[in-house]
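Letter by letter, the chains look like this.
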Amino acid sequence: MKFCRILTWIIFSCFHVILSPLYPQSRGVNHDPNQMKIGEKPYEMVDRVEQREPAATFMDCSQWIVETVNCTAGLYRTQEERLYREYCGNLNFTATNNKAEITLRLVNPIVLHEEWDCIDFWNFGFHWLWGEPKWQTAMSHYALVQGNDGTVYELDFTQAGYRGMVHKYWHLSHHKLKENIGPDARFIGFRFKGNNTPVDLEQTFYLGPVYVYKEKLNDLSFQPWPEKLPFPLRKETILPLNKSKDYENSVIKSDKHFEFVYKDNDQELRYVLDLEKDLLSGLTLIYNDNEIPLNRNAKIYFKDVDSTEWIIHKSRLKSDTLFVNAKAQFTDRTVPFDFWYTIRQKSMIIGICEKAETGSVTKITLGETWAGEDAKLVTIPFLSYGGNRIPQILYSNGLFFFKQFDWYVSDASDFIPGANQIEDGWANYNKGVRYIPKTNGILNSVREKLFINVSDDVQEILPTIDNPKSPMRSVMANRLWEVEGSPDHNYLRHCAREQRALGLSNVAVRYHEGIWRDGGESYTFRTQTAPGRGGDSAVVDLVHNIKKNGWLVGLYTNYTDYAPVNKNWNPDWVKRGPHGEWEISWSRCYSPKPMIAWEQEQNYAPKIHEKFGSNHSYCDVHTAVSPVSRVDYDYRVPGAATFRRTLECYGLLLLNEKKSYHGPVYSEGNYHWWYAGLTDGNYGNAYPRLTETDIFPDFQLLKIHPLEMDAGNVNAIGSEYLAYTLAYGHIGLLNGDLSEKIKRYAMLQPLQEYYSMIPVKSICYFDEGVFYNSSEAIQRDLIRAPKLYLEYESGLKVYINFSDDNWKINVQSGKYILPQYGFFVSTDNQSITAYSGIKEGLDNTKPIEYSEGKDQFYFDTHDQQIQTNDFICNGQVYLKKETFGWEIIPARDFQSFAFNPKRLGLDTDGVMIEGVNIDDLPVEQVQYSRLGKMILFSHDNKNIFKYRICPD
């Protein structure tokens, strides 16, 4: 056998020698002709000692052979960048074709005598995941290992995450072996492969030590898990609302069937369960004499099993619940299960529990529902499980259907991906759940609670988010949220000072990760800010400066990204994929275990607050990723392989953020519905995007909105941005240029207190003179581009037009024409009003934006002059009463402005208009004229920052 291995190696080596002239080759050299400096080692790693002895380094580059395809390349020993040692490898190359390839081979391959299952490789790429050159052009990198049979394996370092070397800094690439290579393999070297490599662009990789080892998995310990979590709040958990208070539920046994009945004065729903047919698919709804099978082909799938026979051992009806003991029978074994069935309000609820220490189930599918000719599927904005896992509502036969596993109970790993569809009269609208083995190959036992919600009212089938609501309404409802990404502290101070001087007084601002890093170093799990930007003292000064404006200020944190250069690096902190691989979360970062995230946040958040004094938290990413994408499959972790544990860890973490910072916690949004109320708000992101789906705000307004204050974040400006933000009950997000920021602030800030976290009273869709409720609107296809009407319990009324046709409305203050994205909003007594459109009687031919609130007015006339009883305006003007009186603020620019002093509560005979600069210092006294009861002046001196109306 040994002779055969040697012969195989000789044949392979000779074959390689024969072919090698086909590939340009060179030998690495031990000097770098292009070295410009001696680089600093990563400051976070200065005192760090290697955890293990490297198998290979680049201290002697002459021991490496460079082979190229479609490029020229050279390998040099360099000090341009350094890591543990004084030298590393500089792989410099230029592609001649976008399919370029470089192979580095050791002159003497390393025989791996000892057992191994991991390869780690320190390397420094040329691309970031953002910016130029585009990350999609980055090369992928592989370790080359030859088995004892001569087979050469390319071991891809991109196992779970972003493809390619998208880290322009030191990163520890990791490969967890899945291939069956066998003993006495040989480590040959590395291969770098490009599929879209920029041609004629000189690029450089820096290469560090490589480690080949057997991963030792020590036992892990964590702090005690809470006996009771602060969510969910009710035993009913996600049970929807039921508008009728006068109803009855009952359970009836008849022959071999069980009937679960809902009955009120208007309707009756009868769920008929035939256990002999099936425990899941044997469920039929009877409504108005129609029999509607609910779960055709619903099935529980078992690992390595083609067919299953279910045997019912015992069933008993106790009060309102049917309990069933059953066994899944296979050729070689049986698996016991407990099922239970009950009805609550209009919802049929099914419990499934596998009675075994280790699981056998790989997935549970929910099957199809019989659909009539009028059937349609409706996407619910904001309700997504992640990626192409998007549950939908089925409308059919005058009813709405929705299926949902209770996320507070489930022990599944993932939701089944795939598009929903209606085909041949059958509809699937939620695929089901998957159970994926832990890293030790063991499955979790099934624990599920399935809600099947049916009603003729679409609002009654939407699941309840059973979290505590935000306690921060009094802090955030009258504020807009601003996001700043610049790492320049002077710029940030200037922006805040300028915006506050322009009247933007109620703001919460968050600063991004640049405060923590100068370049590519870590930016999480640390309390030291970027040393090159002035360090901690500069950030303390920044926070103090911003708080003086009366703003809330939040510093970037997150506990979802973990860089190997971090001084706290510990591989046991990294979450594992199903095969034990470390999972990439972002460029040069791995995803930490949710259990570690929860623990470490409790350590870092109080320290960050104490050190810097921030009074608002921006905890990035946590709500931007679905819990199913951050599942830790490490068998050593409590709750391994369940998305519920991720949800719980992140939820506890976010709750602790507001406690630690004594202020609101915001996150990135997209999948924030899971965490509504646990955060105080998020970017109002949605997948699919709000601008790419029907306008159906019911889930947002009824379920998310009462719990938190998300900030509208559609990719639009002006009236379109405002229309979407108002339609979904969001607060304003301050971004765009100064003009856009002032518009958003002036139009939204006076209104927000009347709708932020205020229950919505009515959601209606207008068509041909009639208002329809949401259920009727879906049936009539009105949600595609609706004329939407909302009313809040505060009395606030909102009209928004998303259609191409003008919408004429008649309200107390007059008649308005709302074009597409036009809106009209007012309080009950119309003391606060905002609109985008045309008000009849103003003689404006184009829509304008106008807002009138307490002690403030805003005009954007869109290059036309408009005149009211008290104002004449041409341009963009923000008129606001500040601490020392009324100010007239150019909201971009304006030609002229006239106002009636009495409208502002001023003495008409004693007014002076003074132009001031950003520091409130006088520039000039402005000459004005009188036009009847109004004072008129022109904005001629563009050096005037704003105007102050003073007593004369």
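Okay, so let's go over this structure. Only a predicted model underlies this, so the values are computations on that prediction, with no experimental measurement involved.

Turning our eyes to something else, we now look at the environment of Asp-804. On the secondary structure map, Asp-804 appears in the loop between strand 45 (797-801) and strand 46 (807-811). Take Asp-804: its relative accessible area is 64%, and that puts it in the exposed class. A polar side-chain atom of Asp-804 sits 3.3 Å from a polar atom in the side chain of Gln-820.

Before going further, it helps to examine the sheet that holds strand 34 (residues 552-557). The 8 strands are arranged 40-39-38-37-34-33-32-41 in an open sheet whose pairing can be described as parallel. For this open sheet the edge positions go to strand 40 (711-712) and strand 41 (733-734), each flanked by a neighbour on one side alone. Pairing geometry for strand 37 (residues 616-619) and strand 38 (residues 665-667), over 2 bridges, is parallel. In the strand pairing of strand 38, Tyr-618 is matched with Tyr-666. Contacting strand 32 (480-484), strand 33 (507-511) and strand 41, helix 3 (residues 489-501) crosses the sheet at an angle of about 155 degrees to strand 32.

The tally for this structure, following the rule as stated, stands at 78 aromatic pairs. Ring plane angle 55 degrees and centroid distance 4.9 Å describe the contact between Tyr-789 and Tyr-799, whose orientation is recorded as tilted. Within this pair, whereas Tyr-789 is found in strand 44 (residues 787-792), its partner Tyr-799 is found in strand 45, the two being separated by 10 residues in sequence. Its relative accessible area of 10% is what places Tyr-789 among the buried residues. Measuring from centroid to centroid gives 5.8 Å for Tyr-835 and Tyr-850, while their planes differ by 45 degrees, and the two rings are tilted. Pair noted here: Tyr-835 is in strand 49 (residues 833-839) and Tyr-850 is in strand 50 (residues 848-853), with a separation of 15 residues, a long-range link. A cation over an aromatic ring shows up here: Lys-168 above the ring of Phe-126, its NZ or CZ 5.3 Å from the ring centre. The ring of Tyr-301 carries Lys-363 above its face, with NZ or CZ at 4.6 Å from the centroid.

Cut-offs used in this document
Sequence order as written defines residue numbering, which begins from 1 separately in each chain. Totals for whole chains, interfaces and linings use all residues, but because this is a predicted model, local features are given only for residues with pLDDT of at least 70 and pairs of side-chain atoms are given and counted only at 80 or more. With hydrogens and water set aside, each side-chain value is computed from the structure's full complement of heavy atoms. Secondary structure counts use DSSP, requiring at least four H or I residues in a row for a helix and at least two E residues in a row for a strand, with both numbered from the N terminus. Burial classes follow relative accessibility: with a 1.4 Å probe on protein chains only, a residue under 20% of its type's maximum area counts as buried, one over 50% as exposed, and anything between as partly exposed. Pairs of N or O atoms within 3.5 Å make up the polar contacts considered here, provided that, within protein, one atom can donate a hydrogen while the other can accept it, and that residues adjacent in sequence are counted only when both atoms are side-chain atoms. Should DSSP find at least two bridges between two strands, the strands are regarded as paired. By definition in these notes, contact holds between two residues if any of their heavy atoms fall within 4.5 Å. In this description, a line fitted to the C-alpha atoms serves as the axis of each element, helices being fitted only across the stretch in contact, and the angle between N-to-C directions of two axes falls anywhere from 0 to 180 degrees. Classification of ring pairs uses Phe, Tyr and Trp, with its six-membered ring standing for Trp, and accepts pairs whose centres are within 6.5 Å; under 30 degrees between planes counts as stacked, over 60 as edge-to-face, and the remaining range as tilted. By definition, being over a ring means that NZ of Lys or CZ of Arg is both within 6 Å of the ring centre and within 35 degrees of the ring normal.

Honestly, it's all geometry; don't read function into it.
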